[in-house]
Amino acid sequence: LKRHPFFCFFIDFEKSLVKPNTKLSKIITLFEEKSRNYTGIDFSKAPVGSKRVLITGFDPFLLNSIDHKYKTSFNILQSNPSGVVSLALANNTNLGAYIQTMVIPVRYTDFDGSQDNTNGQGEGIIEKYIKPFISQVDMIVTISQYLPKENVIDKFGTATRGGFNDNLDFTRINGSHALTTSYEWIETTLPKEFTNAPNVVLNWKYNGVNNPSFKPPTVGVKLSEGSGGDYLSNEIFYRVAKLRVENLDKNGNRGKLPTGHFHIEKLQDETKEEDLNPLEITNLLKTVKKGIEEGIKGL
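In short, a report on the structure.

## Side note on unusual backbone geometry
Leave glycine aside and you will find that most residues have negative phi; peptide bonds, for their part, are mostly trans.
Then step 1. Here the phi dihedral of Asn199 falls at roughly 70 degrees; this positive angle occurs in a residue that is not glycine.
Then step 2. For Asn199, the location among the structural elements is in the loop between β8 (185-187) and β9 (200-203).
Then step 3. Classification of Asn199 by relative accessible area gives exposed; the value is 60%.
Then step 4. Phi at Asn207 is positive, roughly 55 degrees, even though this residue is not glycine.
Then step 5. Note that Asn207 resides in the loop between β9 and α5 (232-246).

Below you can see the structure in the form of structure tokens.
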């Protein structure tokens, strides 16, 4: 769609962007809403009395072939296990709740509603498509890819960005805020029961440093990284948590809704042209399902 000659007048080819408020931008929005299930979330079909859980996954990271100080090669076959989880758990009723899912792009422009390639900031898809469910659901779990052999529940999310290249090769200023906010960092409210699942632990890190004493940061202090780093995984955690603390849940409680981030293990080496191993993702899916099932028990 973004390269179809019929729409050539609606595309800024130099910046690889669709011009706003055009026919093509409206078509792209519709495509994104349908294919990612932004507008397909429907809890009206949940069995009477069942818990309602919203889960998000991500597109693959690092699909752009770029050269910078962190990476020098990329795998076009790179998957994202969190996206697999999101697709696999859509409409699931076997884990103790009615689950609805959506898949999130690895693009700053979508997150902050700005097409600026380096300086964007503000509200975007998270606020538009997840905020309406804050008062309707019993839990929101955002999921993304973490380190090999590590499955963790992140303890803290921060408003601060590292600015690493996204899938459009756009960046943000290192140390800038994702959006204007009075909350420098927010703590997860996901049930501790997630860690009852084998191989799932709580991640207390912040500022890129291990935290063996399990002490939270000072209230109001700016963190350079949340428990899960400073990229879009941290950011979706933070944005959802901010919606939670600023809005009433379905029971009229402010900030009590269980929300947080489940970082699941990376299965591929992005420097090698290797596809996702079916057995590895099947085993990981079992681990993630067990974690979510245990978490639901804690609601």
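So that's the structure; there's more coming.
## Thoughts on the nonpolar core
Then step 1. Counting 32 residues, the largest nonpolar core has Phe58, Ile104, Ile126 and Ile140 as the members making the most contacts within it.
Then step 2. Breaking this core down by element, the ones donating at least two residues are β3 (51-58), β4 (97-104), α3 (108-112), α4 (125-129) and α5.
Then step 3. With 4 residues, α5 is the single largest residue contributor to this core.
Then step 4. Counting 25 residues, the second largest nonpolar core, distinct from the first, contains Leu89, Ala197, Val200 and Leu267.

## With respect to the packing of aromatic side chains
Given two aromatic rings, their pairing is described by the distance between the two centres and the angle made by the two planes.
Then step 1. Under the defined criterion, the tally for this structure stands at 15 aromatic pairs.
Then step 2. Aromatic pair Tyr108 and Tyr231: ring centres 6.3 Å apart, planes at 80 degrees, arrangement edge-to-face. Here Tyr108 is found in helix α3, whereas its partner Tyr231 is found in the loop between β9 and α5, with 123 residues between them in sequence. The two residues Tyr108 and Tyr231 agree in class, both being buried.
Then step 3. A network of ring pairs unites the aromatic residues Phe58, Phe61, Tyr108, Phe111, Phe164 and Tyr231 as a single cluster.

## As for the sheet that holds β4
Then step 1. Strand order in the open sheet formed by 6 strands is β4-β3-β5-β10-β6-β9, and the pairing between neighbours is mixed. Every interior strand has two partners, whereas the edge strands, β4 and β9, have only one. Strand-to-strand, the axes of this sheet are offset by a mean angle of 25 degrees, without reference to chain direction.
Then step 2. For strand β6 (residues 151-154) and strand β10 (residues 259-264), the ladder comprises 3 bridges, and the chain directions are antiparallel.

About the criteria used
- Residues numbered from 1 in each chain as written.
- Predicted model: local features only at pLDDT ≥ 70, side-chain atom pairs only at ≥ 80, totals over all residues.
- Heavy atoms only, no water.
- Helix = DSSP H or I, 4+ residues; strand = E, 2+ residues; numbered from the N terminus.
- Buried < 20%, exposed > 50% of the residue type's maximum accessible area, 1.4 Å probe, protein only.
- Core = buried A, V, L, I, M, F, W, Y, C linked by side-chain atoms within 4.5 Å.
- Phe/Tyr/Trp six-rings, centres within 6.5 Å; stacked < 30°, edge-to-face > 60°.
- Pairing = 2+ DSSP bridges.
- Axes fitted to C-alpha atoms, helices over the stretch in contact; angles between N-to-C directions.

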